[in-house]
Each structure stands twice: as structure tokens, then as C-alpha cells.
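Working through the structure, step by step
Okay, here's what each chain looks like letter by letter:
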Amino acid sequence: MELGLFQKQTISLIMTHELRQAIHLLQYSTLDVRSYLEELALENPLLELKKTNQKDNHPKLISRKSDEKHKALENTPNVNGTLKEYVRQQLVDLSLTTRQKKRLAFLIESLNEDGYFPESLAFYCDWLECSEEELQEGIQILQSLEPAGVGAFSLAECLYLQVIRQGLDHPVTKAIILNDLEKLAARKWKELSKTYRVAMLDIQEIYDVIRTLQPRPGISFYTEPTVYIEPDVHFTLFNGEILVSTSSTIVPTIEVNNEYKELLQLDQQTRRYCNEKEQQIEWLLTSLKQREKTILQVAEVISYIQAPYFMSKQGQLQPMTLQMIATELDIHESTVSRATANKYAQTPRGLIELKSLFSARASAINESISNSSVKSLLKQMIEIENKEKPLSDQQIVELLKTNEGISLSRRVIAKYRDELGILSSVKRKRYDDHERIG
């Protein structure tokens with residue numbers, strides 16, 4: 001083996017700081033870019049941000065809360081203050097001893113945001129140095145207050161407190177809630193009807209009652225921080241065409257602070273520092289221009305593909321993948337992914353996340369059908385089905401093929417159904433008065 005110095009030419013890709021900056025800027029939302037520039041201005045004395053004077057007629061700062069919690073809040077009354085404050089206010093009119101007030105004050109402070117006690121009964125007995133009977137007295141007072149179900153130690157107890165409040169505490173209802181809630185949720189109704197010797201219809205009615213109850217009594221008092229969304233792209237319908245624009249006016253204008261630059265140039269020791277900061281600004285400007293150009297190009301292709309969806313309220317999403325856009329623009333899929341990540345578009349159909357506009361082909365036979373279109377059809381079919389004889393996945397496969405010309409496997413239908421949160425046909429079945437124990 002020979003030792004020595006040799007020359008070797010190789011090619012390698014180096015991720016420079018400037019390239020990393022360009023990649024990060026591309027995947028940032030417009031508001032994130034603005035925040036990033038504001039932070040950068042604190043580090044770079046030459047970087048000066050100026051708000052644009054250009055008027056922007058586009059809608060601004062649309063408030064949005066997480067879907068699940070927002071829907072829950074819509075179904076509950078508006079209540080001012082916190083859960084604990086609301087419960088405390090109800091104690092004012094009660095005749096309580098000093099000791100009872102102290103125990104209740106501690107119990108109320110112990111409630112979590114859902115209205116439950118997070119610790120065991122023994123824990124509170126030890127902490128308050130009282131007997132279980134004395135503690136139960138305070139808990140019963142608390143559980144008699146609003147909202148119904150507050151002060152429970154478990155989901156079953158919370159639901160049972162609510163049915164008592166509504167006068168629906170039938171012995172079978174009580175037994176199922178306290179002992180067989182999981183079986184009821186799993187819709188093992190035949191097993192429950194035999195266990196409790198009641199009609200299937202009775203089990204179904206108990207199930208329906210429980211579905212109306214609130215498993216989280218404190219949810220109406222929960223206040224989620226409001227998140228504001230600025231549309232990054234605007235799709236505007238004009239004379240039968242979709243016009244595309246970006247929200248560039250939200251990003252402040254970048255300028256070099258020449259006065260500070262001159263001061264730094266006077267000192268030879270700081271001249272190099274000044275040159276580095278000025279070069280940083282030049283790279284930043286280049287990255288921002290490239291970001292806006294890429295987002296606009298991607299948005300234009302999206303507007304062309306999804307034009308039928310934007311132009312009509314009945315329009316369906318067309319099959320569209322990252323690969324399709326990447327091929328059209330001759331760029332990498334990862335670039336398309338970053339250009340659409342964390343981005344929202346203001347469209348004729350409202351504010352839409354760009355990622356939600358992507359939809360793969362659902363059928364190899366009919367390439368114009370997207371999986372979102374199939375999901376929409378699937379949802380409609382299940383909404384109008386006979387609830388006593390719900391459609392099986394195989395029946396849905398056959399109906400789609402016969403009526404819509406869409407050929408899919410039963411496994412795909414099951415997958416779409418799960419994604420829509422729709423139960424299987426067995427668990428969707430409803431019973432009438434003729435359904436009795438066999």
C-alpha cells in the first residue's frame with residue numbers, strides 16, 4: 001500500500017446558509033415571513049423594514065380555531081369567566097359552614113379544564129385530613145351545581161350525573177353507563193339486550209340519550225387563543241377566468257440603512273462586519289423574490305387544474321398531485337411541497353388551505369374522478385341509505401360502478417369511510433319496534 005499525497009476531483013452538494021434560508025422562507029407562511037424579517041432586523045443593524053403604502057383590497061387576518069374544539073364550542077352556551085369562577089358564584093346562595101366552604105374551595109380549585117377531579121377520592125381525603133363521608137358531602141354539593149356532570153371522577157360518573165339531572169336514570173340506563181359503557185359505544189347491542197333482558201330498541205334509545213350528553217362539562221368555559229390567518233395567495237374570479245395574486249403587500253419592504261452603513265464604514269475594524277450584513281440583505285432579497293415567484297407559479301398551475309372547483313359551488317376537486325405540478329413547472333416535488341406548506345388561499349369558495357386542494361385519482365379507469373369526489377359521493381349515499389339496512393362496503397362498490405362508472409375495491413371504500421369518520425354498516429344499523437330479543 002503506497003502512502004503519499006494525491007489529488008482527487010469530486011462533486012458534492014453543500015448546503016450553504018443562504019440555501020437553507022431560501023428553503024425555510026419558501027415553506028414559511030406570509031405571516032411567518034413577516035415575523036422572521038422582524039427578528040432578523042434586530043440582529044442586522046443595516047436591515048430596515050418599511051411597511052408598504054400600497055393598498056391591498058384582499059380580506060385580511062381571518063380568525064380560525066381548531067375545527068374539533070370550535071364545533072364543540074358552537075354546541076355549548078356562551079359563558080363568561082372560567083369554570084371555577086362559575087361554580088364558585090353558585091355557592092353564594094347556599095348555607096354552608098366555614099369548614100364546608102374551605103373544602104369546597106379546595107375541591108373547586110382541583111377541577112381540571114374538563115370539569116373532572118384528576119386525583120382519587122383517597123388523595124383528597126388525605127390532603128384535607130377528613131373522612132370519606134365528610135368529603136362525599138362536599139362532592140355531592142359540588143355535583144349538584146351547574147354545569148351538569150361537573151365534579152365527576154370518571155366519564156361514566158359524569159354521564160350518569162347528567163341523566164339524573166334530566167330524570168332519565170332508568171335502572172338499565174344507570175347499569176349500562178356505570179358498567180357497560182364501552183360495549184354500548186362499540187354497538188354490541190344484541191349482547192346488551194340479552195344481558196339486561198330488554199328490547200334492542202331500548203338499548204338504542206339509551207345510546208341516543210347518551211349521545212346528547214356532554215362528556216366534557218367544562219368545554220364551554222374553555223377559551224382557545226385565536227389564531228389569525230393571512231391568505232398567502234388569492235384566486236379571484238374575473239370575467240370567467242381565475243386571476244392569481246400573492247399577498248406581497250403584507251411583507252414589509254426591505255431597505256439598507258445607509259446612514260448606519262456610513263458610520264460602520266468609518267471604522268476599519270467594523271467594515272468587514274458591515275459588508276457581511278449588507279451581503280446578508282442581498283441574499284435575503286434574492287430569496288424573497290424567488291419565494292414569491294415560485295409560489296405564484298405553483299398557484300397558477302393549481303388555478304388551472306382546479307378551475308372547475310373554483311368556478312362553481314357544485315364543482316368537485318380534480319385529481320392533482322405534487323408530481324403533476326412539479327412536472328408542469330420542471331421543478332422538484334419537494335419544492336412544490338414547500339411552496340404549498342402552511343399556505344392558505346382566498347378563493348371564490350372561501351379560505352382554503354392549499355394542501356387540501358391536492359387530491360389523487362381514485363380510479364384508474366376514470367382518471368377525472370378524484371378521491372375527494374368519491375368521498376363526497378360516499379357521504380351522500382350513506383346519508384340517504386335505509387338506516388335499518390345500511391349499505392355494506394361491497395354494496396357501495398357495486399353502486400359506484402353501476403351509477404357513477406367508478407371502479408374501486410372494497411378496501412378503498414373502507415379506507416375512505418374511516419377517513420370520513422363513518423362507522424361500518426353493522427354499527428350504523430338502526431332498530432325499529434319489531435326488533436326484539438330472539
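Cut-offs used in this document
Residues numbered from 1 in each chain as written. Predicted model: local features only at pLDDT ≥ 70, side-chain atom pairs only at ≥ 80, totals over all residues. Heavy atoms only, no water. Helix = DSSP H or I, 4+ residues; strand = E, 2+ residues; numbered from the N terminus. Buried < 20%, exposed > 50% of the residue type's maximum accessible area, 1.4 Å probe, protein only. Contact = heavy atoms within 4.5 Å. Areas by Shrake-Rupley, 256 points an atom, 1.4 Å probe, with all protein chains shown as cover. pLDDT = per-residue confidence, 0-100. Expected span 1.5 Å × (residues − 1). Arc of directions from axis to C-beta. Pairing = 2+ DSSP bridges. Axes fitted to C-alpha atoms, helices over the stretch in contact; angles between N-to-C directions. Phe/Tyr/Trp six-rings, centres within 6.5 Å; stacked < 30°, edge-to-face > 60°. Lys NZ or Arg CZ within 6 Å of the ring centre and 35° of its normal. Core = buried A, V, L, I, M, F, W, Y, C linked by side-chain atoms within 4.5 Å.

Here we look at the overall build of the protein chain
- Broken down by element type, the protein chain carries 21 helices and 8 strands.
- Counting across all 438 residues of the protein chain, residues that qualify as buried make up 38%.
- Sequence separation of 24 or more characterises 65% of the internal contacts of the protein chain that already satisfy a separation of 6 or more.
- Of the roughly 27,000 Å² of accessible surface on the protein chain, a fraction of 49% belongs to carbon and sulfur atoms.

Looking at the confidence of the model for the protein chain
- Averaged over every residue, the pLDDT of the protein chain is 81; the share at 70 or more is 83%.
- When the criterion is pLDDT under 50, residues 54–79 qualifies, and its contacts beyond four places in sequence or with other chains add up to 44 contacts.
- With pLDDT under 50 throughout, residues 434–438 is counted as low confidence; its partners more than four residues away or in other chains account for 9 contacts.

What to know about helix α5 (residues 98–110)
- Along its 13 residues, α5 runs 19 Å from first to last C-alpha, staying within 8% of the 18 Å computed at 1.5 Å per residue.
- Taken together, the buried positions of α5 are occupied by Q100, R103, L104, L107, I108 and S110. Down the axis of α5, the buried side of the element spans an arc of 155°, and every buried residue falls inside it. Residues of α5 that are exposed and point over 90 degrees away from its buried face: T98 and K102.
- Elements that come into contact with the buried residues of α5 comprise α4 (83–89), α6 (121–128) and α7 (132–143).

Description of the side chain of T173
- Tracing the sequence through the fold places T173 in helix α9 (residues 171–179).
- Residue class for T173 comes out buried when judged on its relative accessible area of 8%.
- T173 has contacts with L168 and I206, leaving out every residue within four places of it along the chain.

Thoughts on the sheet that holds strand β4 (residues 233–238)
- Spatial strand order, β5-β4-β7-β8: 4 strands in an open sheet with mixed pairing. The open sheet has two edge strands, β5 (241–246) and β8 (350–353), and neither has a second partner. On average, each strand axis in the sheet is tilted by 25° relative to the strand beside it, whichever way the strands run.
- Strands in contact with helix α14 (residues 268–305) are β4 and β5; relative to β5, the strand with the most contacts, it is inclined by about 160°.

Things to note about the packing of aromatic side chains
- Enumeration according to the criterion identifies 12 aromatic pairs in this entry.
- The interplanar angle of 55° and the centroid separation of 5.8 Å between the aromatic rings of Y28 and Y36 together place this pair among those described as tilted.
- Ring pairs connect the aromatic residues F106, F117, F123, Y124, W127 and F153, which therefore count as one cluster.
- The aromatic ring of Y207 is capped on one face by R187, whose charged end is 5.2 Å from the ring centroid.

Things to note about the nonpolar core
- Counting residues in each nonpolar core, the largest one holds 24 residues, and the members touching the most others are V233, F235, I302, M320, I325, L354 and L357.
- For this core, the elements supplying multiple residues, two or more each, are β4, β5, α14, α15 (307–311), α16 (322–329) and α17 (333–340).
- A total of 6 residues in this core trace back to one element, the largest contributor, which is α14.
- Those residues in contact with L354, other than ones at most four positions away along the chain, are V233, F235, I302, A339, T340, K343, Y344 and A345.
- Core analysis: the second largest hydrophobic core is formed by 21 residues, A175, L192, V198 and Y431 among them.

A closer look at the pairing of strand β7 (residues 344–347)
- The alternating pattern of β7 places Y344 and Q346 and A345 and T347 on opposite faces, both of which are buried.
- In the sheet, β4 pairs with β7 via 2 bridges, with the strands oriented parallel. Bridged to H234 within β7 is Q346.
- Examined bridge by bridge, β7 and β8 share 4 bridges and lie antiparallel to one another. Residue pairing for β8: Q346 is matched across the bridge by L351.
- Between β7 and β8, which follow one another and run antiparallel, lie 2 residues.

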